[in-house]
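Here are the chains, one letter per residue:
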Amino acid sequence: MAAEEVTLSGHIQHHLTNAKMCSTDTGLAFNKACTDSGFWTWHIDTLAWSIGLGLIFLWIFRSAAKKSTLGVPGKFQCFIEMVVEFVGDNVRDTFHGKSKLIAPLALTIFVWIFLMNLMDLIPVDFLPALAALINGESMDVIAAGKSHTYMKVVPTTDINMTAALALGVFILMIGYSIKIKGIGGFIKELTLHPFSSNNTVLQILLIPFNLLLELIALVSKPFSLALRLFGNLYAGELIFILIGAIGFMQLPLHFVWAVFHILVIVLQAFVFMMLTIVYLSMASSDNH
């Protein structure tokens, strides 16, 4: 029984471990050699898959733009136009400022995150096993769960990826606030709200409380973006890994959970997009 638990635990741990690269005193190192390398460790699987899927997104939409016609559109063009129109409608309904960046940004966020989430539907053992074979490992080693090749193919199950996305949104929020309100207006927003008074002395005394509350509200927005996307996709990935470890009835269970998980994949991409639009709309508003 103990051996089975160790095997299951090892299986789960293996699939939840990123392929790492770091710099050491002896040069570049990978995976377990990066255990004590500190902050500057690169998750090369997250980088490769996220960049690759981003390029696929650009290629798909560029192809649709080049093949677009004024006549009766084909199915591919019709689908792309539906996605663009869907995102555009949500931007028009939610963003109350004026910016040519918001609609393309929202489209990029929605499609890119959707593609990264979609990788969760690929059987968890398939691509890591293929990578292990390319790496020169035998099928016996891979089947025994002793592979030394690590690969997580769902970038959004890596907190580093979701935090990077949220950080980008946070920087845009600060940028839009300063652009619309000016540095003085941005500072006033942080220090003179939500508590205000006509009494100058009292207002000065309220500044530390306002600053604390506003900073918490400001910083919590990227935190919520990053943790919501990561938590939902990580939980879904963990269930797929557990199903993969069962062996018996693996494919039927994988199919059932995949059908349900499609809703999560689309919903989380949509939620991240909508919250980004809302936060940037709030940052662009002259009214607090």
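It should be noted that the structure appears before, not after, this text.
First things first, this report covers the structure right here in the doc. Because the structure is predicted, anything quoted here is derived from the model rather than measured.

Our next topic: the sheet that holds strand 2 (residues 27-30). As summarised here, the arrangement of the three strands in space is 2-1-3, forming an open sheet in which the pairing is antiparallel. For this open sheet the edge positions go to strand 2 and strand 3 (41-43), each flanked by a neighbour on one side alone. In this sheet, adjacent strand axes meet at a mean angle of 25° when their direction is disregarded. Of the pairings in the sheet, the one linking strand 1 (residues 20-24) to strand 2 comprises four bridges and is antiparallel in character. Bridging from a neighbouring strand, S23 pairs with L28 of strand 2. On the sheet, helix 2 (residues 44-66) packs against strand 1, strand 2 and strand 3 and is oriented at approximately 45° with respect to strand 3.

The next thing to look at is the environment of F170. Mapped onto the elements of the fold, F170 is located in helix 7 (residues 159-191). For the pair F170 and P222, spaced 52 residues apart in sequence, the C-alpha separation works out to 5.9 Å. With near-sequence residues (within four places) excluded, F170 lies in contact with L218 and P222.

The contact between helix 3 (residues 75-94) and helix 4 (residues 102-118) brings their axes to 9 Å, and the two run at 125°. Between helix 3 and helix 4, the angle falls in the class oblique. Relative to helix 4, the crossing made by helix 3 is right-handed. Two secondary-structure elements touch here, helix 3 through V83, V84, F86, V87 and V91 and helix 4 through I102, A103, A106, L107, F110 and V111. Broken down by class, the residue content of the contact of helix 3 with helix 4 amounts to eleven nonpolar, no polar and no charged.

This paragraph deals with the pairing of strand 1. Pairing between strand 1 and strand 3: three bridges, direction antiparallel. Residue C22 lies in a different strand from strand 3, and its bridge partner there is T41. The loop that links strand 1 with its antiparallel partner strand 2 comprises two residues.

We now examine the side chain of E237. Secondary-structure assignment places E237 in helix 8 (residues 200-246). Buried E237, no salt bridge; nearest opposite-charge side chain is K152, N-O distance 6.7 Å. With residues up to four places along the chain from it excluded, the contact list for E237 reads D120, V124, V154 and T157.

Parameters at a glance
Residues numbered from 1 in each chain as written. Predicted model: local features only at pLDDT ≥ 70, side-chain atom pairs only at ≥ 80, totals over all residues. Heavy atoms only, no water. Pairing = 2+ DSSP bridges. Helix = DSSP H or I, 4+ residues; strand = E, 2+ residues; numbered from the N terminus. Axes fitted to C-alpha atoms, helices over the stretch in contact; angles between N-to-C directions. Contact = heavy atoms within 4.5 Å. Parallel < 35°, antiparallel > 145°, perpendicular 65-115°, else oblique. Left-handed = near helix turned anticlockwise from the far one by under 90°. Nonpolar A, V, L, I, M, F, W, Y, C, P; charged D, E, K, R; others polar. Buried < 20%, exposed > 50% of the residue type's maximum accessible area, 1.4 Å probe, protein only. Lys, Arg positive; Asp, Glu negative; His and termini not counted. Salt bridge = Lys/Arg side-chain N within 4 Å of Asp/Glu carboxyl O.

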